[in-house]
Amino acid sequence: MGLRPSTAEPRWVRLLLVSVTLLFLGAFLVTPLVAVFVEAFRKGLGAYLASFADPAVLSAIRLTLLAAGIAVPVNLVFGLAAAWAVAKFEFPGKSLLTTLIDLPLAVSPVVSGLIYVLVFGLHGWLGPWLQAHDLQVIFAVPGIVLATVFVTVPFVARELIPLMQEQGTEDEESALTLGASGWQTFRRVTLPNVRWALLYGVILCNARAMGEFGAVSVVSGHIRGKTNTVPLQVEILYNEYNFVAAFAVASLLAMLALVTLAAKTLVEWRVAAAPASIFAAGEKP
Amino acid sequence: MRWPRRRHSVLPGFGLTLGFAVVYLSLVALIPMAALFLRSRGLGWGGFWETVTTPRVLAACRLSFGAALIAATINAVFGFVVAWTLTRYRFFGRRLVDALIDLPFALPTAVSGIALTTIYAPTGWLGRALEPLGIKAVFSPLGVVIALTFIGLPFVVRTLQPALEDLEVEVEEAAASLGARRRQTFRRVILPAVAPALLTGFALAFARALGEYGSVVFISGNLPGKTEIAPLLIVTQLEQYDYEGATAIAVLLLVVSFVMLLVINALQRWSGGRHARGA
Amino acid sequence: MWYGHGMANLRGNRLLALVCGAVLSLAAVTSVLAAPKTGSARLLNVSYDPTREFYHAYNTAFAAHWKQQTGQDLSVDMSHGGSGKQARGVIDGLQADVVTLALAYDIDAIAQHARLLPPDWQQRLPYNSAPYTSTIVFLVRKGNPKGIRDWGDLVKPGVEVITPNPKTSGGARWNYLAAWAWALKRELGNLDRLQDPAQAAAVAAAQDKARAFVAEIFKRVPVLDSGARGATNTFVQRGIGDVLLAWENEAFLAVKELGPDKVDIVVPSLSIVAEPTVAVVDANVDRHGTRQVAQAYLEWLYSPTGQELAARHYYRPVRVDLIDPALLQRFPALELVRIDEVFGGWVQAQKTHFDNGGVFDAIYAR
């Protein structure tokens, strides 16, 4: 984007704005990140690495990978289906559906966990039935997976809908006219068109799935080595006065955040000018 | 009319995808949320009203709404500057800064809370500097605002960025060539064009901040009536085995969030419409 | 990249079916995993925050003891958290075989709300089902710069007090009640007057004074953490406040873990006997087939080994006759009152002080 002098600010304004940006982000974003790493390495690299030898930490990492490993593909499929229906067709209640897809973004994490307790808890709707069949949902792995799925519902769909609306239906229609089946059209035409947005949605979905704390905390039961995810394990270590290990495990998630961000930057690079934000304000002309 | 009407019916899969989306959403989100409403109904309308209007709940809601509003406003102002800088200027480390914006999104809220408390406590890096000035940054409403600002920042910046990138430089040039000064161009041309996106980002940051729990409990003092937020009150009610009271407050937050989102979607349509007209 | 294969494998409906199947079967798999196996046993002990270190040691010792007795391998899973939160977990279906919580009220709640154990559970084990007790002491900055010696010093000008929230923390309720009991004693001189109907007017006046005193303390509280550990971190790590009201065992542990060079323990003239209680959760052990081992697990807490481990982790053992007197030296002598004597038991105390609309709420309502 070439800026011309007539539409550029004076030099001092630009300097001022850049400084404000860097100061603001420095105070709010960089310092917490640095703090995590400083605390993690306070007792040296050896203590840092030793933190990951704890079986409870390893089991937490496994559980987090499992929860994300289920939540991300499930929401990927949902996102594609929802985006297809919402972006390619007109139907009444569409606006309501879009809002409902968004809702988990704005629901308090405490509430997200609570709703599953009310359904699957011993005194919930399904509690007595589950108990009679010896099935355990909350305070066990399925509950953690469900809570993770819930908080990550919007991401893929939210990413795809604006893009697919913008792209319209001409490509798909041409493919159909040329004799392709519906499934072929979707796979050969639609999917390649949205693959970067899809990937972007998956990355954000994954980051959120691995980092979720509040909702998972409500349904976890905190059984050491069994139902603790990485964020919960961080809290436990912190409460055990094991600060180095707490921040070391947290740094793992911070690094995940950084890797995710790097991957996303890479994706954005390759998509070049295409809009890639989940929060894109509506579709573009 | 943004979507030409009948044209889409050529495409297959409408029933399948919509059916799946609705069923999935119902199973994962809507039915569990219905449980929340039904449980709070146990109180009756009078009991519900009584629960959500006790002084303690009102104070918590005031703090939650107030802090969320302030945080969203801070984010709107600074988020605008950040988004503007990132889209318009080229400076050293811009890509890294751009990548960092999403950090609050990926970092678990408990870690954010602990890290922020470490920094802003009187013994921390920034807290040490603030304390002589008489500013109490942790265990005060200010702490709540700090945490909520941290949480909400990506929403504003990420909403504004595409809108700013989308602005036609020609329009600004035209304004300039008609003799408008830079400040006038900004106020009359740029700001109105990105206002919907800014409002959307503001509303999203606000909605997210309203429900935030994990990071706030670490940095807020949790004093009833002073630094206690509404989601903490839900937890407190649960600790007393008062499920009806907890669900009543939860329903209040849920309804407010839902209304916020409806407004957001309306804003997005409006913004989409403006863009369409502008192009 | 780790997310790559998810897309490569995307085969629409088949993947969808697979994923749905996976979610459903997970529930089944978990229940299978939870089923008891012969030759080995598994217990879930749902406990509160400060017992981590104690039960960590006790579980190892008991597993060895159990193996020797029965030849069965035992592994004990632990869940720690705020006492009330943990009780709620059990009520909502957390499969605890035994609960070892901060106060009897929380186990009462399990009996009352979920009927997982009988209402008279507290009579089933000796000493009110409390195999160890603790009390409330003060933790102050090194050298005690504010000169805090007793409860009365907490309301001196310029003193900031740290305690967790009584609404969410069992320990904090003991803090609150200990302060209240001290004020009553100051007003009445002798707590026996509480039981004397003829003294009703004096008692009522003393209760008002006690209430004002407790309210004064909470005016000096800048942070109400939700749990005991959070409060300790606030006091020691963040450097907030001049005095921390803490479990005696937490205070000892904090000195040990966080540095004797930072904090000192101050023992007030009077405090309360905090009785962390333990119970077998009948409904759960019957379903898991673990009643026998769960019962033995709790009973062994009263054995010499159990009592000694408790003492080593700074819990006051109830069977002082069973252990090395040298180990008891660490517990300072002070006047201790019981909740039943001063507050009429937990149910009454909870109702008067901590329930919605109780005295604690009223203190903050102003």
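A few words now on the overall build of chain A. Each helix and strand counted, chain A has 13 helices and zero strands in total. Sequence-ordered secondary structure for chain A, helices as α and strands as β, is α-α-α-α-α-α-α-α-α-α-α-α-α. With respect to the principal axes defined by its C-alpha atoms, chain A has extents near 65 × 60 × 30 Å. The buried share of chain A, reckoned over its 285 residues, is 67%. Summarising the internal contacts of chain A: among those between residues at least 6 apart in sequence, 73% fall at separations of at least 24. Put simply, chain A shows about 9700 Å² of open surface, and 66% of that area lies on carbon and sulfur atoms. Distance between charge centres in chain A, computed from 18 positive and 17 negative side chains, equals 8 Å.

What follows concerns the interface of chain B and chain C. Each side of the interface is counted separately: chain B has 25 residues, and chain C has 30 residues. Together, Phe139, Glu239 and Tyr241 of chain B form the three largest contributors to the area buried by chain B at its contact with chain C, with a combined 31%. For the pair chain B and chain C, the number of links is one salt bridge. For aspartate 361 of chain C, the salt bridge is made with arginine 56 of chain B, and the minimal N-O distance between the two is 3.4 Å. In this assembly, chain B and chain C are joined by eight residue pairs in polar contact (both at pLDDT 80 or more). Elements represented by at least two residues in the side of chain B that touches chain C include exactly α1 (14-41), α6 (109-120) and α12 (230-239) of chain B. Here the residues of the side of chain B that touches chain C sort into eleven nonpolar, nine polar and five charged.

Taken as a class, soluble globular proteins show a tendency for nonpolar side chains to be buried jointly. Formed by 320 residues in total, the largest nonpolar core has its most connected members in Phe78 of chain A together with Val99, Trp151, Tyr176, Tyr297 and Trp346 of chain C. In terms of residue count, the dominant contributor to this core is helix α3 (residues 55-88) of chain A (20 residues). Split by domain, the residues of this core number at least three in each of domain 1 (1-40) and domain 2 (45-273) of chain A. When residues no more than four places from it in sequence are discounted, the contact partners of tyrosine 176 of chain C are Val214, Phe218, His353, Phe354, Val359, Phe360 and Ile363 of chain C.

This brings us to the sheet that holds strand β1 (residues 40-48) of chain C. Residues and elements named next belong to chain C. With respect to topology, four strands assemble into an open sheet ordered β2-β1-β3-β10, the strand pairing being mixed. Two strands in the sheet have a free side with no partner beyond their single neighbour: β2 (73-81) and β10 (277-280). In this sheet, adjacent strand axes meet at a mean angle of 20° when their direction is disregarded. Here strand β3 (residues 98-101) runs beside β10; their pairing, made up of four bridges, is antiparallel. Paired with valine 98 across the strands is valine 280, a residue of β10. Against the sheet, helix α5 (residues 104-113) engages β3 and β10, with an angle of about 145° to β3.

Let's shift gears to the pattern of salt bridges. Under the definition given, this model contains 34 salt bridges over all chains. Where lysine 94 of chain A meets glutamate 90 of chain A, a salt bridge forms, and the shortest distance between an N and an O atom there is 3.1 Å. Here the salt bridges share partners, and the residues they tie into one network are Asp54, Arg224 and Glu240 of chain A together with Asp49 and Arg52 of chain C.

The next thing to look at is the side chain of aspartate 282 of chain C. Residues and elements named next belong to chain C. On the secondary structure map, aspartate 282 appears in helix α11 (residues 282-288). Classification of aspartate 282 as buried rests on a relative accessible area of 14%. There is a polar contact of 2.9 Å between the side chain of aspartate 282 and the side chain of arginine 291. Leaving out residues up to four positions away in the same chain, aspartate 282 has contacts with Leu116, Leu117, Pro118, Arg124 and Arg291.

For the rest of this paragraph, the subject is the sheet that holds strand β6 (residues 161-162) of chain C. Residues and elements named next belong to chain C. Spatially, β6-β7-β5-β8 is the arrangement adopted by the four strands of the open sheet, whose pairing is mixed. Both outer strands of the open sheet, β6 and β8 (263-266), are each paired with one neighbouring strand and no more. Alignment of strand β5 (residues 136-141) against β8, held across four bridges, turns out to be antiparallel. When the bridges of β8 are listed, arginine 141 appears paired with valine 263. Contacting β5 and β7 (243-247), helix α7 (residues 170-188) crosses the sheet at an angle of about 110° to β7.

Reading the values: the criteria
- Residues numbered from 1 in each chain as written.
- Chains lettered and ligands numbered in written order.
- Predicted model: local features only at pLDDT ≥ 70, side-chain atom pairs only at ≥ 80, totals over all residues.
- Heavy atoms only, no water.
- Helix = DSSP H or I, 4+ residues; strand = E, 2+ residues; numbered from the N terminus.
- Buried < 20%, exposed > 50% of the residue type's maximum accessible area, 1.4 Å probe, protein only.
- Contact = heavy atoms within 4.5 Å.
- Areas by Shrake-Rupley, 256 points an atom, 1.4 Å probe, with all protein chains shown as cover.
- Lys, Arg positive; Asp, Glu negative; His and termini not counted.
- Charge placed at Lys NZ, Arg CZ, Asp CG, Glu CD.
- Buried area = accessible area lost by both parts, 1.4 Å probe.
- Salt bridge = Lys/Arg side-chain N within 4 Å of Asp/Glu carboxyl O.
- Polar contact = N/O pair within 3.5 Å; in protein donor to acceptor, adjacent residues only side chain to side chain.
- Nonpolar A, V, L, I, M, F, W, Y, C, P; charged D, E, K, R; others polar.
- Core = buried A, V, L, I, M, F, W, Y, C linked by side-chain atoms within 4.5 Å.
- Domains from an automatic or database assignment.
- Pairing = 2+ DSSP bridges.
- Axes fitted to C-alpha atoms, helices over the stretch in contact; angles between N-to-C directions.

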